[in-house]
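# Results of the structural survey
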Amino acid sequence: MNNFLSCDIQTPVDPRASYEAATQERKSNSPQSKSNRPTLSIGAHTKYWATGRTLKIAINRWDDDLFNTVKNSINQWAPYVNLNFEFVDLSDNDELFEGDIRIDLSPFYNKVAFSRIGTDALTTPANEVTMGLGINSTDENYSAVVIHEFGHALGRLHEHQHPDADIPWDREKVYEALQRNHGMSRATVDATLFPLPRDNSATYAPYDRHSVMHYQVTNDATLGDWEQLQNKHLSEGDIAFARRAYPST
Ligand SMILES: [Zn+2]
């Protein structure tokens, strides 16, 4: 658990604003469109961008190499989504914060990466970034982290929290280690690491431990012999998600 990287998927401050932004962007984000039944729940809506649109991605560039690494990692998703990615270099532009997705590469976030989920970026004040990549860019997993965070920006949640995830966590040990090393409360661990309850209004693809949206799980965090190495490339499940969420037609 020493190389645990915390990823903070930021929940919206205002759930109704999140719902309205999502459904204005794309009608099918409303759960009503699936069943024709009116629903009082606004929590279960998806947050996908409108298909075919251009997504302007502003990157706070520290240097050419880093800009290109981030761009190339994000572009791993490009062949499988019906979206156009337009990359903007903030440092060459006086109009800061103009992107739909605004990425800060500052290492000062101290090993924390974070992202808004899909269209929640639209509810973020224009002078705030929507994604932070606060890890050392020389880390061997840097590209994997960028691909993972951009999965959130496309509207995807954590795969290790899939209701069917069958990871044999050593829960008490994990609580203790994350409290000691990262100051995380039990509630935070429950909310960010362990499987979430099934939402009956949501549609789930099968659990995919090889997804880029799955955390690395070390053997010392589980009971028995179970580990999952860092997934560095899009899995077949990731590609299926991308095609389903952003179809060509
Ligand atoms: Zn994440």
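Above this text is the structure in question.
Below or above, wherever it landed, is the structure these notes cover. As the structure is a computational prediction, the values presented were derived from the model and not from experiment.

A few words now on the coordination of the zinc ion. Taken together, the protein donors to the zinc ion comprise Cys7 (SG), His148 (NE2), His152 (NE2) and His158 (NE2), at separations of 2.0 to 2.1 Å. Between the 4 donor atoms coordinating the zinc ion, the angles at the centre fall across 101 to 119°, so the site counts as tetrahedral. Positions of the donor residues of the zinc ion along the chain correspond to the pattern C-x140-H-x3-H-x5-H. Highlighted residues: His148 in helix H4 (residues 142-153) and His158 in the loop between H4 and helix H5 (171-182), separated in sequence by 10 residues. Accessibility expressed as a relative area gives 7% for His148, which makes it buried.

Bringing the sheet that holds strand S1 (residues 6-10) into the picture now. Across the sheet, 6 strands lie side by side as S1-S5-S6-S4-S2-S3; this open sheet has mixed pairing. Every other strand in the sheet has two partners, leaving S1 and strand S3 (84-89) as the edge strands with one partner each. Strand-to-strand twist across the sheet, computed as the mean angle between neighbouring axes with direction ignored, equals 20°. Packing against the sheet, helix H3 (residues 64-74) makes contact with strand S2 (54-60), S3, strand S4 (101-104) and strand S6 (131-133), and its axis sits at approximately 170° to S3.

What follows deals with the nonpolar core. If you look at the biggest cluster of nonpolar residues, it comprises 37 residues, and the most contacted ones within it are Ile74, Trp77, Phe85, Ile103, Leu133 and Phe150. Where this core is concerned, the elements lending two or more residues are S2, H3, S3, S4, S6, H4 and helix H7 (236-245). Tallying contributions element by element places H4 first for this core, with 6 residues. Residues in contact with Ile74, not counting those within four places in the same chain, are Ile57, Phe85, Phe87, Ile103, Val146 and Phe150. Core analysis: the second largest hydrophobic core is formed by 18 residues, Ile167, Met184, Tyr207 and Tyr215 among them.

Following the sequence through the fold, Pro195 ends up in the loop between helix H6 (186-192) and H7. Since its relative accessible area comes to 27%, Pro195 is described here as partly exposed. It is 5.2 Å that separates the C-alpha atoms of Pro195 and Pro163, two residues lying 32 residues apart in sequence. When near neighbours in sequence (up to four residues on either side) are disregarded, Pro195 contacts His160, Gln161, His162, Pro163, Ala165, Trp169 and Arg171.

Moving on, we get to H3. For H3, every residue scored as buried is listed here: Leu66, Phe67, Val70, Ser73 and Ile74. Down the axis of H3, the buried set is contained in an arc of 135°. They therefore lie on one face. Buried positions along H3 lie against S2, S3, S4, S6 and H4. Between the side-chain oxygen at the start of H3 and the backbone nitrogen of Asp65 there is a gap of 3.0 Å, and the oxygen is on Asp63.

Here is what the cut-offs are and how they apply
Residues numbered from 1 in each chain as written. Predicted model: local features only at pLDDT ≥ 70, side-chain atom pairs only at ≥ 80, totals over all residues. Heavy atoms only, no water. Donors = N, O, S within 2.8 Å, 3.2 Å for Na, K, Ca; no water. Tetrahedral: all angles 85-135°; square planar, octahedral: opposite > 155°, others 65-115°. Helix = DSSP H or I, 4+ residues; strand = E, 2+ residues; numbered from the N terminus. Buried < 20%, exposed > 50% of the residue type's maximum accessible area, 1.4 Å probe, protein only. Pairing = 2+ DSSP bridges. Axes fitted to C-alpha atoms, helices over the stretch in contact; angles between N-to-C directions. Contact = heavy atoms within 4.5 Å. Core = buried A, V, L, I, M, F, W, Y, C linked by side-chain atoms within 4.5 Å. Arc of directions from axis to C-beta. Polar contact = N/O pair within 3.5 Å; in protein donor to acceptor, adjacent residues only side chain to side chain.

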